[in-house]
Amino acid sequence: MVGSRDADRAQALAAELADLAGPGAAPIAGAANPAAAEAPVVCVAVPYAAQAELVVPLAPLLRGRIVVGTAVPMVVTGDGPSAVAVPQGSAALALADSCPGARVVAALHTVSARHLLGPAALAEDVLVTSDDAEARAVVVDLIARIPGLRALDAGPLAGAAATERLTPVLLRLNRRYRTELGLRLSGLPDPAAAPR
Ligand SMILES: NC(=O)c1ccc[n+]([C@@H]2O[C@H](COP(=O)([O-])OP(=O)(O)OC[C@H]3O[C@@H](n4cnc5c(N)ncnc54)[C@H](OP(=O)(O)O)[C@@H]3O)[C@@H](O)[C@H]2O)c1
């Protein structure tokens, strides 16, 4: 289910994604944000500056649900991308403030949308943080279903302050080395580490 402020836009994007996914894939539908917010796992994929504005009115619907934050608070100036300070310490902690009672998880900050959509095989790690161990495990399991992504249990939500800040650094490295980096950690047992 794809959400949007505009249900028609969500349906158009859902149709595009269904085309990309091809026949045999699970159905993809589009709806206005309040309908999408009734999913058991809700992914908030809007810019940090729009996060509270989007989430606060939906907070009663999100209570008890798993809400995945992806926002990277950053600005891009002539000097390149830089992290922006957030009063709560991270966009993920700000998200938790915006939807009390939701089971907030933070993930996917270092995975480029272009990589996810692109034809090349992914080979990346995703650091998943949350104060709710069960919600964290659900999201680790969901992300691990994406071929080429290794989802890692990275502990409490406070860790999102670090994972969010990695993204502008990776983007600077992309510029410096004229590439499109993904994050890959060494030293993990293969296949993907089962969290202890
Ligand atoms: N792009 C990446 O590669 C990437 C990688 C890692 C993390 N992230 C993070 O993921 C989030 C989404 O990134 P993105 O590149 O998809 O962002 P985006 O294209 O700028 O925005 C995604 C959607 O957010 C909605 N939106 C924008 N302003 C809004 C507002 N004021 N209120 C409510 N909804 C609003 C829009 O959907 P509607 O107009 O349909 O409502 C828009 O299509 C960001 O927080 C970003 O930091 C992105």
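Every chain is numbered on its own, with residues counted from 1 as its sequence reads. The predicted origin of the model limits local features to residues at a pLDDT of at least 70 and limits the giving and counting of side-chain atom pairs to 80 or more, whereas totals for whole chains, interfaces and linings rest on all residues. Hydrogens are left out, water is left out, and the side-chain values use all remaining heavy atoms of the structure.

J.: Sorry if this is basic, but what is going on with the environment of Gly-3 here?
T.: Helical segments are the DSSP runs of H or I of at least four residues, strand segments are the runs of E of at least two, and each set is numbered from the N terminus. In this structure, Gly-3 sits in strand E1 (residues 2–4). Separated by 32 residues in sequence, Gly-3 and Ala-35 have C-alpha atoms that sit 7.5 Å apart. In contact with Gly-3, not counting residues within four places along its chain, are Ala-10, Ala-31, Asn-33 and Ala-36. Any two residues whose heavy atoms approach within 4.5 Å at even a single point are treated as in contact.

J.: Would you mind showing me how to read the packing of helix H3 (residues 48–55) against helix H5 (residues 91–98) here?
T.: Working note: a packed helix pair is described by the angle between its axes plus the distance between those axes. Every axis in this analysis is a line fitted to C-alpha atoms, fitted for helices over the stretch in contact. Angles between the N-to-C directions lie between 0 and 180 degrees. Two numbers describe how H3 lies on H5: the axes approach to 9 Å, and their chain directions differ by 15°. Regarding the angle of H3 to H5, the classification is roughly parallel. You can see that H3 and H5 cross each other, and the crossing is right-handed. Along the contact surface, H3 presents Tyr-48, Gln-51, Ala-52 and Val-55, while H5 presents Ala-91, Ala-94, Leu-95 and Ser-98. Roughly parallel covers angles under 35 degrees, roughly antiparallel covers those over 145, roughly perpendicular covers 65 to 115, and oblique covers all other angles. Should the near helix be turned anticlockwise from the far one by less than a right angle, the crossing is left-handed, and should it be turned clockwise, the crossing is right-handed.

J.: I'm lost on the packing of aromatic side chains in this one. Help?
T.: Aromatic ring pairs are described here by two measures, namely the spacing of the ring centres and the angle between the planes. The pairing test for Phe, Tyr and Trp rings, Trp by its six-membered ring, is centres within 6.5 Å, and the orientation test on the planes gives stacked under 30 degrees, edge-to-face over 60, and tilted for anything in between. In this structure the tally under the stated criterion is zero aromatic pairs. One Lys or Arg, Arg-176, reaches over the ring of Tyr-177 and ends 5.0 Å from the middle of that ring. Only Lys NZ and Arg CZ are tested; either one counts as a charge over a ring when it is within 6 Å of the ring centre and within 35 degrees of the ring normal.

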